[in-house]
Amino acid sequence: MMKTIILILVIAILFVWLFLSIIFVINCIQDVVNSSKRERRDQEYHERRMKGFD
């Protein structure tokens, strides 16, 4: 009986860890994509601003 409870707890902890790991990976990918978009937008803005000074 005790082994069954421990087994269920271990499996539950592994699933929680897996779920949190997947969320972390998705969050990292989104950060990289958004950072790239932000840098591109900032570069385009800077280029437009510099054209105004010419």
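See above for the structure.
Rules used in this analysis
- Residues numbered from 1 in each chain as written.
- Predicted model: local features only at pLDDT ≥ 70, side-chain atom pairs only at ≥ 80, totals over all residues.
- Heavy atoms only, no water.
- Helix = DSSP H or I, 4+ residues; strand = E, 2+ residues; numbered from the N terminus.
- Rg over C-alpha atoms; globule rule 2.2 N^0.38 Å.
- Buried < 20%, exposed > 50% of the residue type's maximum accessible area, 1.4 Å probe, protein only.
- Areas by Shrake-Rupley, 256 points an atom, 1.4 Å probe, with all protein chains shown as cover.
- Lys, Arg positive; Asp, Glu negative; His and termini not counted.
- Charge placed at Lys NZ, Arg CZ, Asp CG, Glu CD.
- Patch = residues over 30% accessible without salt bridge, like charges linked within 9 Å, V, L, I, M, F, W, Y side chains within 5 Å.
- Salt bridge = Lys/Arg side-chain N within 4 Å of Asp/Glu carboxyl O.

## Details of the overall build of the protein chain
Okay, so step 1: Within the protein chain one finds 1 helix and 0 strands.
Okay, so step 2: Taking 10 Å as the expected radius of gyration for a compact globule of 54 residues, we find that the protein chain reaches 23 Å, considerably beyond that expectation.
Okay, so step 3: By its C-alpha atoms, the protein chain is 80 × 10 × 5 Å across when sized along the principal axes.
Okay, so step 4: Across the 54 residues in the protein chain, those meeting the buried criterion constitute 0%.
Okay, so step 5: Here the protein chain has roughly 5,500 Å² of accessible surface; of this, 70% comes from carbon and sulfur atoms.
Okay, so step 6: Taking the average location of the 8 positive side-chain charges in the protein chain and that of its 6 negative ones, the two points are 9 Å from each other.

## Side note on the environment of I11
Okay, so step 1: Secondary-structure assignment places I11 in helix α1 (residues 2–53).
Okay, so step 2: Classification of I11 as partly exposed rests on a relative accessible area of 39%.
Okay, so step 3: Sequence separation between I11 and C28 is 17 residues; the distance between their C-alpha atoms is 26 Å.

## Here we look at a nonpolar patch on the surface
Okay, so step 1: A cluster of nonpolar side chains, M1, M2, I5, I6, L9, V10 and L14, forms an exposed patch at the surface whose accessible area comes to about 760 Å².
Okay, so step 2: As for its placement among the helices and strands, L14 is situated in helix α1.

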